[in-house]
Structure formats: structure tokens, C-alpha cells
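# A closer look at the structure
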There are 2 protein chains.
Amino acid sequence: MVVDGPAETGARARTRRAILDAAVSALSRDPASSLGDIAAAAGVGRTTVHRYFAERSDLLQALSNDALDKIAVANERARLGEGGPVEALERFCKEMFELGDLLMLIFNDPQLMACPEWEEYTEADRDFLRLVERGHAEGVMDRELSPEWVQQTLWALLYAAWSHVRENGASKFDALVLCLRTVRKSIAT
Amino acid sequence: MVVDGPAETGARARTRRAILDAAVSALSRDPASSLGDIAAAAGVGRTTVHRYFAERSDLLQALSNDALDKIAVANERARLGEGGPVEALERFCKEMFELGDLLMLIFNDPQLMACPEWEEYTEADRDFLRLVERGHAEGVMDRELSPEWVQQTLWALLYAAWSHVRENGASKFDALVLCLRTVRKSIAT
DNA sequence: CCCAAGTGGAACATTGGTGTTCCATCGTGT
DNA sequence: ACACGATGGAACACCAATGTTCCACTTGGG
């Protein structure tokens with residue numbers, strides 16, 4: 001939630017989003033994408049990119065904030081506190097899967113998301129770790145697997161799912177089904 | 001296996017290795033590392049790097065070849081054809097885990113390993129897919145999971161294991177144990 | 001319709017990585 | 001001790017990405 005001064009008019013907000021989305025798409029495919037590449041992907045002039053984000057680092061910062069927002073939203077939608085831990089885990093998985101390219105970017109560019117905000121566990125992270133602890137307590141998740149490891153596993157399998165789409169031409173749906181099945185089996189008691 | 005002309009004297013071979021190893025280490029942490037960074041990591045002058053690899057692309061090419069060699073060696077050591085499919089899968093997992101940083105690099109820099117050699121399935125890849133097919137045939141691996149997906153899963157979990165070491169400070173041993181357990185459960189019938 | 005807001009592109013200076021040359025130094029095997 | 005292979009560092013030209021300015025355009029909201 002960043003205040004953007006004069007409440008961005010329609011056109012500005014739209015262009016801003018186009019640039020951010022294009023940046024995620026381009027950077028997720030090649031973390032070394034130039035601003036020119038990103039501008040082209042957004043269907044916009046390089047000058048315009050600079051109009052919205054003075055420096056490259058500003059764009060990356062905005063990207064990082066946007067990612068945090070999206071993750072927070074996905075986390076809320078997953079309602080980790082409600083229902084059985086395993087069902088909650090599946091909801092979480094489905095929600096995060098929808099992040100798409102953003103997922104690949106976060107994964108491939110760890111140092112991009114090394115800002116202070118990510119340093120301390122994000123709200124979603126903490127919720128997730130608590131969920132696994134609850135799963136342990138209720139005896140529905142493998143106690144041999146620490147919450148931190150389950151977290152690593154989940155992100156890795158989400159990444160694997162999108163790689164499956166990109167590299168093996170799998171459908172988004174099939175990839176999600178495989179991912180969910182694999183996650184469920186991995187974590188099960 | 002690349003022939004290197006005049007059979008490299010001891011010192012040259014040692015320096016060459018140091019540079020390659022440092023490159024893997026540096027690039028796995030930041031794919032945008034400069035040659036200066038890599039030289040520093042290798043404890044060597046930037047000039048010396050250029051003496052061994054005229055251009056950056058030459059270094060990357062050598063890195064790619066080196067990776068292919070190491071994977072091929074690990075693959076042979078795993079003897080995928082021998083014994084039960086599940087045991088073979090575990091051997092494979094252990095061998096590949098030893099690739100360490102190289103694993104992270106291959107994962108984080110897919111376009112680096114997009115050379116012609118990687119284009120068509122590498123020997124190890126083909127062996128692996130056959131192994132999963134054998135697992136399916138013998139009924140010891142989940143038939144709902146295609147060989148390609150199992151492959152994605154395995155690499156993703158190996159990556160997760162090393163991330164667990166880097167980010168959560170887990171020991172190499174613990175990470176491998178968790179990884180093996182998770183792989184076994186994921187793939188099991 | 002009309003004009004301010006928004007845009008694209010050319011042109012430019014700046015920067016940091018790259019690739020090259022040259023020379024002084026180091027160290028190791030003989 | 002000596003020579004030669006190997007190295008480090010300074011200095012340089014080069015290039016691609018970046019960041020900035022200016023101006024001409026279009027466009028959509030009033």
C-alpha cells in the first residue's frame with residue numbers, strides 16, 4: 001500500500017500497470033532484461049518508462065512492493081486459519097499458483113527481493129509457518145518435515161509447476177493438478 | 001570431455017579450475033556478476049581471467065561444458081539401470097545433490113544453459129525419464145505423475161534443499177535427508 | 001470540439017562492464 | 001641462482017545500458 005500522490009488518473013494508472021506487468025514478464029524470462037526490453041514488452045517508449053520510474057532501481061522497488069501486495073492478497077484469500085490444515089494448504093497453493101510469472105521472478109531473482117521489507121518474515125510467511133505447526137499438532141502433516149522445509153518445498157513445487165508449463169508445454173490446469181497432488185503427498189502424515 | 005590442446009600444465013589447470021569454480025559460486029548467487037567479481041572470488045586478477053577465457057561468452061561456454069561433464073559423471077555414478085527404481089532414484093538424488101552451487105546456477109540461469117548441447121535431452125535426462133517409466137511399469141511409482149513432471153519435481157526439490165541450507169542455515173546433511181524423504185513420498189505409488 | 005495530459009523518438013552525456021596491451025613482479029623447477 | 005611461465009595491475013578504447021532533455025504528436029475527458 002503505497003500512496004501515489006495525486007491519485008493517478010485513469011490513463012496513468014493503466015500505463016503504470018502495463019509497465020509493471022511487462023517488467024514481471026520480461027524479468028522472469030531474463031533477469032538481465034534492459035529497460036528497453038521492458039518498455040517494448042509493455043508496448044511503450046523507453047522515455048515513458050522513465051517518466052513513471054525515474055531510475056531502474058525505482059522500478060524494481062515498485063515491483064517488489066507490488067509483489068508484496070499480491071502475495072498479501074493471495075494469502076488473505078487462502079484463509080489459512082479456517083478449516084482443516086491440509087485443505088488450507090491446498091487453497092494456499094492454488095492462490096499462489098495464480099501469481100504466475102511473478103512466482104518465477106521471485107524465485108529466479110532472490111537478491112531482487114532482498115529489500116528490507118522481505119528481510120523479516122512477511123505476514124504470509126508467518127501465517128504459513130503457523131499453519132504447518134497446526135498441521136503437526138493435529139497430526140495431519142508429517143512431523144519430520146519442519147515448517148521451514150515445508151515452505152521451501154511448496155515454493156519449489158509451485159516453481160516446478162510453471163516450469164512444466166513453460167518447458168514441457170503442459171496446460172496451466174494440468175500443471176496445477178500435478179502440483180497439488182505432489183504437495184499433498186509430500187506433506188501428508 | 002573437451003580436449004584442451006597442450007594438456008595444461010599443473011598451475012594452469014589449477015587456476016582454470018579455480019576460475020570455473022568461483023564463477024559457479026558467484027553466478028549462482030548473482031547471475032549478473034561481473035568478470036571482476038568472479039576474478040575476485042577466484043582470488044585472481046581480472047587480466048588472468050581473460051588469459052584463460054578471452055571473452056565472457058567463452059567462460060560461460062566452458063562453464064556449460066563443465067556442468068554437462070559433472071552431470072554426466074553424477075549420472076553414471078547413480079547407475080540408474082541397476083536395482084529397484086526407487087533405490088535408483090534415491091542414488092540419483094544423492095549424486096545430483098552433490099553438485100551444490102552448480103545446481104542453483106543451472107536453475108537460476110536457464111538461458112545460460114540454453115546452448116545447443118542442452119537443447120536435445122542430455123544423456124542423463126533420457127536415462128532419468130526411462131527410470132520413471134520403469135518405475136511406472138513395476139508399479140512402484142505414481143502413474144499419475146508423468147516422467148517429465150517427476151523430473152521437474154526432483155530438480156525443484158534439490159533446489160529447495162540447497163535453499164534450505166542457504167536461507168534457513170540448515171546443515172547439508174539435514175537438507176539432503178529432508179529432500180530424500182520428500183522425494184520418496186512424492187513419487188511413491 | 002479543443003486543449004492539457006500523456007506519449008514517442010531523437011539526441012546527448014554518463015556510467016560501468018568489457019576486451020586489450022604493456023610491463024613489473026613473483027615463484028618454481030632446474 | 002636463474003630463467004621462464006604465470007600473474008597482477010595500470011592504462012586505454014569501446015560499447016551497451018542508463019538517465020536526461022527537448023520537441024512534435026495524439027488522444028481522451030470536459
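Given the structure is predicted, the values throughout are model-derived calculations rather than measurements.

All right, on to the protein's contact with DNA strand D then. Close contacts around DNA strand D come from 19 residues, with Arg56(A), Thr15(B), Gly45(B), Thr47(B) and Thr48(B) the closest. Each atom of DNA strand D within 4 Å of the protein was assigned to sugar, phosphate or base; sugar and phosphate come to 43%. Here a base oxygen of DNA strand D and a side-chain polar atom of Arg46(A) are 3.0 Å apart. Arg56(A) places a side-chain nitrogen or oxygen 2.7 Å from a phosphate oxygen of DNA strand D. The set of elements that each furnish at least two residues to the surface near DNA strand D consists of helix H3 (46-52) of chain A together with helix H1 (10-29) and helix H3 (46-52) of chain B. Among the elements that take part in the surface near DNA strand D, H3(B) stands out by supplying five residues, more than any other. The class makeup of the residues in the surface near DNA strand D is four nonpolar, nine polar and six charged.

The next thing to look at is the UniProt feature "domain: HTH tetR-type" (unreviewed entry) in chain A. Under the feature "domain: HTH tetR-type" (unreviewed entry), the UniProt entry names residues 13-71 of chain A. Along residues 13-71 of chain A the backbone is 81% helical and 0% strand, and the end-to-end C-alpha distance reaches 20 Å.

The next subject is the UniProt feature "DNA-binding region" (unreviewed entry) in chain A. Here, the residues flagged by UniProt with the feature "DNA-binding region" (unreviewed entry) are residues 34-53 of chain A. As annotated, residues 34-53 of chain A comprises 75% helix and 0% strand, and the C-alpha atoms at either end are separated by 14 Å.

With 126 residues, the main nonpolar core has Leu158(A) and Leu158(B) as its most contacted residues. It is helix H9 (residues 147-168) of chain A that provides the largest number of residues to this core, a total of 12 residues. Both of domain 1 (1-54) and domain 2 (67-187) of chain A provide at least three residues apiece to this core. Look past the residues within four positions of Leu158(A) in its chain and what remains in contact with it is Cys93(A), Met96(A), Phe97(A), Leu103(A) and Cys179(A).

The interface is formed by 32 residues belonging to chain B together with 32 residues belonging to chain A. Across the interface of chain B and chain A, roughly 2700 Å² is buried in total on both sides, 57% from carbon and sulfur atoms. Interface area lost by chain B to chain A is led by Trp149(B), Gln152(B) and Lys185(B), which between them contribute 25%. Viewed at the interface, chain A and chain B are joined by four salt bridges. One salt bridge in this structure joins Lys185(A) and Asp142(B), with 2.7 Å as the shortest N-O distance. One can count 13 residue pairs in polar contact (both at pLDDT 80 or more) joining chain B with chain A. Of all elements in the fold, only helix H6 (101-108), helix H9 (147-168) and helix H10 (172-187) of chain B reach the threshold of two or more residues within the side of chain B that touches chain A. Per-element tally for the side of chain B that touches chain A: the top contributor is H9(B), with 13 residues. Here the side of chain B that touches chain A is built from residues that sort into 14 nonpolar, 10 polar and eight charged.

Here we come to the side chain of Gln151(B). Residue and element names in this part refer to chain B. On the secondary structure map, Gln151 appears in helix H9. Residue classification places Gln151 among the buried residues on the basis of a relative accessible area of 11%. The contacts of Gln151, once residues within four sequence positions are left out, are Asp125, Phe128 and Leu129.

Glancing now at the relation of the copies chain B and chain A. If you rotate chain B by 180° and push it 0.0 Å along the axis, it lands on chain A with an RMSD of 0.1 Å. Within this description, the copies of the chain are treated as partners about a two-fold rotation axis. In this assembly, 100% of the residues forming the interface of chain B have copies in chain A that are likewise at the interface, indicating an isologous arrangement.

Residues and elements named next belong to chain B. By the secondary structure assignment, Ser64 is in helix H4 (residues 56-78). Given the relative accessible area of 0%, Ser64 is considered buried. Excluding anything up to four places from it in sequence, Ser64 contacts Met113, Cys115 and Trp118.

All names here are of chain A. Inspection of every chain in the model, using the stated rule, returns eight aromatic pairs over all chains. With centroids separated by 4.7 Å and ring planes inclined at 15°, the aromatic side chains of Phe97 and Trp162 adopt a geometry described as stacked. Taken together, the residues span a long stretch of sequence, with Phe97 in helix H5 (residues 85-97) and Trp162 in helix H9 at a distance of 65 residues. You'll find Phe97 and Trp162 in the same group, each marked buried.

Further remarks concern the protein's contact with DNA strand C. Near DNA strand C lie 18 residues; those nearest to it are Thr15(A), Thr48(A), Arg51(A), Tyr52(A) and Arg56(B). Sugar plus phosphate: this is where 44% of the atoms of DNA strand C within 4 Å of the protein reside. Residue Thr47(A) places a side-chain N or O atom 2.8 Å away from a base nitrogen belonging to DNA strand C. At the level of elements, helix H1 (10-29) and H3 of chain A together with H3 of chain B are the ones that each hand at least two residues to the surface near DNA strand C. In terms of residues, the surface near DNA strand C owes the most to one element, H3(A), which gives four residues. Residues of the surface near DNA strand C, tallied by class, amount to four nonpolar, nine polar and five charged.

Definitions and limits used
Residues numbered from 1 in each chain as written. Chains lettered and ligands numbered in written order. Predicted model: local features only at pLDDT ≥ 70, side-chain atom pairs only at ≥ 80, totals over all residues. Heavy atoms only, no water. Near = heavy atom within 4 Å. Polar contact = N/O pair within 3.5 Å; in protein donor to acceptor, adjacent residues only side chain to side chain. Helix = DSSP H or I, 4+ residues; strand = E, 2+ residues; numbered from the N terminus. Nonpolar A, V, L, I, M, F, W, Y, C, P; charged D, E, K, R; others polar. UniProt positions renumbered as here; feature names shortened; annotations may be inferred. Core = buried A, V, L, I, M, F, W, Y, C linked by side-chain atoms within 4.5 Å. Buried < 20%, exposed > 50% of the residue type's maximum accessible area, 1.4 Å probe, protein only. Domains from an automatic or database assignment. Contact = heavy atoms within 4.5 Å. Buried area = accessible area lost by both parts, 1.4 Å probe. Salt bridge = Lys/Arg side-chain N within 4 Å of Asp/Glu carboxyl O. Least-squares fit on C-alpha atoms with pLDDT ≥ 70 in both. Phe/Tyr/Trp six-rings, centres within 6.5 Å; stacked < 30°, edge-to-face > 60°.

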